[in-house]
Amino acid sequence: MAEHLPFPTDPSQPANLAEDTYRGQHRDHPGRHRDTGGCRRTPDGPQDLSVWATAQQTGPVQRRGRYVPESVKHPARMLPAIAAHAIAAYTRPGDLVLDPMCGIGTTLVEAIHAGRDAIGVEYEARWSNIADANITHAQHHGATGRASVVRGDATRLRSLLPAALTGQVALVVTSPPYGPTVHGLVRPGADGVAKFDNAYNDGTDNGNLAYRDLTGLTDGFEQILSGCAVLLRPGGTVVVTARPWRKNGQLVDLPSAVIAAGVRAGLIPTERCVALLAAVRDGRLVARPSFFQLQAVRKARTTGTPLHLITHEDVLIFCRPEKSASSAEPKCSRCESGCPEGTSCHADTGVQGNSGRRSG
């Protein structure tokens, strides 16, 4: 994690960022296996930094011409540079990338532009339709990978996707929702500033994880990660972006809850990085806050609360362990996915994914 930054008088002004926060603290030598389950490490290099400089350009600039205009309506879009960084660092061309909560398809678009294949799952038809449009748009603009979106509940991932994908996914990139409403977009009017496109749906469908409390969200996300663990190849990687939020003034520690969910799902936490939501200029952070975030910080400081602007997301990285032959569980002779002999095989129970339709 980056060190705490100085508390500037004006929250919109840049803060100093120590140079040593850019040095990767957790990388091994190229090709070396970690001692935690044999998960592979990526080679040393510029991508191996614990702080990812993913907001050198604003979100709108990153998406301009690369995504269809309707993409801006999603309330919690992942920065394309975050997905692109993860894909470059943890996959090779031709690998398969999965986003089980793919929203407008950010992970999928960045994957196919990088020559990877991708599959996404999205709960809401509105966003899955936009994700489909973004995939088509990317392919018309030179993307060489293939991608598809399945509409459905990612907590039932194994019944949504073909059994043939078991053990085939190289990388999962996703992010859980931060509650039913987020900052969205603003429009000035005669009665002040109006907020719009700030909610996932109308709030009537409790199946959406965004409308659950922290316990319900964590339980659902654990189910999603459990499904991802089955689809991952041995040594495969899961990248989850998350950040705390405040509810009634209290900090909700979503990153820690995600780590616990990943462990319960059978994944091994290997790294905790930072994806910047601020630009780096001459060794200083230049914040890119939303209107409402800046307003909230200024109000808090007026009352004496030293609240900071959010300038990063936590990047929580897990892997599926590579078991040695001596310690591996018996594998099914039919599907090689780890089904114990004598039980129902995934090849019998898998449901073929349909062409259908996260936070991306």
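Residues numbered from 1 in each chain as written. Predicted model: local features only at pLDDT ≥ 70, side-chain atom pairs only at ≥ 80, totals over all residues. Heavy atoms only, no water.

**What about unusual backbone geometry?**
A positive phi angle, near 55°, is found at Asp282, a position not held by glycine. One can find Asp282 in the loop between β13 (279-281) and β14 (284-286). (Helix = DSSP H or I, 4+ residues; strand = E, 2+ residues; numbered from the N terminus.)

**Section: helix α4 (residues 125-140)**
The end-to-end C-alpha distance of α4, which contains 16 residues, comes to 23 Å, matching closely the 22 Å that a straight helix rising 1.5 Å per residue would cover. Within α4 the residues assigned to the buried category are Trp127, Ser128, Ile130, Ala131, Asn134, Ile135 and Ala138. For α4, the arc enclosing every buried residue in end-on projection is 160°, short of the 170-degree limit, so these residues lie on one face. Looking at the packing, one finds that the buried side of α4 touches α3 (106-113), β4 (117-122) and β5 (147-151). Following α4 by one or two positions, Gly142 adopts a phi angle in the positive range, close to 95°. (Expected span 1.5 Å × (residues − 1). Buried < 20%, exposed > 50% of the residue type's maximum accessible area, 1.4 Å probe, protein only. Arc of directions from axis to C-beta. Contact = heavy atoms within 4.5 Å.)

**With respect to the pairing of strand β6 (residues 169-174)**
Burial runs high along β6: six of the six residues are buried. Sheet topology note: the strand β3 (residues 96-99)/β6 ladder contains two bridges and is parallel. Bridge assignment links Val97 to a residue of β6, and that residue is Leu171. Two elements, β6 and strand β9 (residues 232-242), share five bridges in a ladder whose sense is parallel. (Pairing = 2+ DSSP bridges.)

**With respect to the environment of Phe221**
Looking at the element boundaries, Phe221 is found in helix α6 (residues 214-231). Remark: the alpha-carbon pair of Phe221 and Val258, spanning 37 residues in sequence, is separated by 7.6 Å.

**A look at the confidence of the model for the chain**
Mean pLDDT over the chain works out to 76, with 66% of the residues at or above the 70 mark. With pLDDT under 50 throughout, residues 1-37 is counted as low confidence; its partners more than four residues away or in other chains account for 86 contacts. Between residues 179-186, whose pLDDT stays under 50, and residues either more than four places distant or in other chains, the model counts 32 contacts. (pLDDT = per-residue confidence, 0-100.)

**Examining the sheet that holds strand β12 (residues 268-276)**
One open sheet accounts for eight strands, arranged β2-β12-β15-β9-β6-β3-β4-β5; its pairing is mixed. Here the strands that pair on one side only, and so sit at the sheet edges, are β2 (51-52) and β5. Note: β9 against strand β15 (residues 312-319), six bridges, orientation antiparallel. When the sheet's bridge partners are listed, Val239 is paired in β15 with Ile317. Strands β4 and β5 of the sheet are contacted by α4, whose axis makes an angle of about 170° with β5. (Axes fitted to C-alpha atoms, helices over the stretch in contact; angles between N-to-C directions.)

**Here we look at the packing of α6 against helix α7 (residues 254-264)**
If you want to describe how two helices pack, look at the angle between their axes and the distance between the axes. Following both chains from N to C, one finds α6 and α7 inclined at 40°, their axes separated by 9 Å at the closest point. Taken together, the axes of α6 and α7 lie oblique to each other. For the pair α6 and α7, the sense of crossing is right-handed. Every residue of α7 that contacts α6 at Leu214, Leu217, Thr218, Phe221, Glu222 and Leu225 is listed here: Leu254, Ala257, Val258, Ala261, Gly262 and Arg264. (Parallel < 35°, antiparallel > 145°, perpendicular 65-115°, else oblique. Left-handed = near helix turned anticlockwise from the far one by under 90°.)

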